Amino acid sequence: MNIPGIDFLLSVLFAYFSNTHIILMKNNYYILLLVSALAAFSSCSPKGPYALTNKVYKHQTDSVVKVIEQAQPATLVDSAGAAVPSEWVGTVNFNLRKPNYVIIHFTAQDSIRQTLKTFTLVRPQVSAHYVVAKDGKVFHMLNDYLRAWHAGISKWGSISDMNSCSIGIEIDNNGNEPFTEIQVKSLLALLTQLKKVYNIPPANFIGHQDIAPLRKPDPGPFFPWKLLAQKGFGYWSDELLELPPDNFDYTTALKLIGYDTSNLPAAITAFKRHFVQTDDTPTMTQLDLNILYNVYRKYAP
Ligand SMILES: [Zn+2]
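Notes on the structure follow.

Moving on, we come to the packing of helix α9 (residues 250-257) against helix α10 (residues 264-275). Remark: α9 packs on α10, axes separated minimally by 11 Å, with the N-to-C direction vectors making an angle of 65°. As for how α9 packs across α10, the hand of that crossing is left-handed. Contact residues: α9 offers Y250, T251 and L254, while α10 offers L264, I268 and F271. A class-by-class count of the residues in the contact of α9 with α10 yields five nonpolar, one polar and no charged.

Listed below in structure tokens is the structure:
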């Protein structure tokens, strides 16, 4: 068992034993306690299959609060290794940092239950703020102000820690099928709320493929980016496209949109999976260039 596994087990045990059952714990009650613990683990529990992991969530948010409450000055040393004097004086003017990006994913899993299970196990080390089921139900799994682990190693423009500035939305989809109509409807409702609450600009609704072109194909060519752009989430090319000027440098254009072009073929494929969708070969046709030029002027006017 790895260290995160041990952490999880300890968290689960702590979560369970810290509730009121502990008050009743005497030798004679061990068997009763074990039986009720097993019941809590099972999906037949009256509190539901996620009662236990919801307790772990609560304990982890408590530990986050403890970190925020720390009132200690930064420990600083100068280039010679000598301590720089520092003192804590708390300001009275602050609030929480807000997410400024929305990253859209497909789950690449076979069911919503499988995804909920993945995100409530420690070992996979992945999570998202929201998961949108095929029937339109939206599962909210993490407070928007906290950092989910959905982006992984990724880059967009000069941002190298997308998890710290974004909301992650996973859509239940195996990667080879269209998204359901009601799923997209729910997604639009969710995006509308996020955009309004956090004042997220249209350009900052992007896909996992955009920020991790070498590693990730989601949300893929079935994703309705055109419809999203019409509603103000992300951009899409205009119907009428003009030819780019002769000196148009498509690598720079991709970079200015935000793509990591250190592997150019991967960046081109990611761009085409998002903005062309009918073809994702790593070469730029004249149509691809026209689309890129049009889109680039929306991202970098
Ligand atoms: Zn993803």
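Taken together, the side chains of V64, I68, L96 and Y145 define a hydrophobic patch exposed on the protein surface, amounting to about 360 Å² of accessible area. Within the secondary structure layout, I68 lies in helix α3 (residues 51-69). Among the residues examined, I68 registers a relative accessible area of 59% and is labelled exposed.

What follows is about the environment of S262. Looking at the element boundaries, S262 is found in the loop between α9 and α10. A polar contact of 2.8 Å, which involves the side chain of S262, links it to the side chain of D260.

Let us look at α9. Buried within α9 are the following residues: A253, L254 and I257. Relative to the axis of α9, the buried residues are bounded by an arc of 100° and lie together on one face. The N-cap residue of α9 is D249: its side-chain oxygen and the backbone nitrogen of T251 are 3.1 Å apart. Backbone geometry just after α9 places G258 at a positive phi near 145°.

Definitions and limits used
Residues numbered from 1 in each chain as written. Predicted model: local features only at pLDDT ≥ 70, side-chain atom pairs only at ≥ 80, totals over all residues. Heavy atoms only, no water. Axes fitted to C-alpha atoms, helices over the stretch in contact; angles between N-to-C directions. Helix = DSSP H or I, 4+ residues; strand = E, 2+ residues; numbered from the N terminus. Left-handed = near helix turned anticlockwise from the far one by under 90°. Contact = heavy atoms within 4.5 Å. Nonpolar A, V, L, I, M, F, W, Y, C, P; charged D, E, K, R; others polar. Patch = residues over 30% accessible without salt bridge, like charges linked within 9 Å, V, L, I, M, F, W, Y side chains within 5 Å. Areas by Shrake-Rupley, 256 points an atom, 1.4 Å probe, with all protein chains shown as cover. Salt bridge = Lys/Arg side-chain N within 4 Å of Asp/Glu carboxyl O. Buried < 20%, exposed > 50% of the residue type's maximum accessible area, 1.4 Å probe, protein only. Polar contact = N/O pair within 3.5 Å; in protein donor to acceptor, adjacent residues only side chain to side chain. Arc of directions from axis to C-beta.

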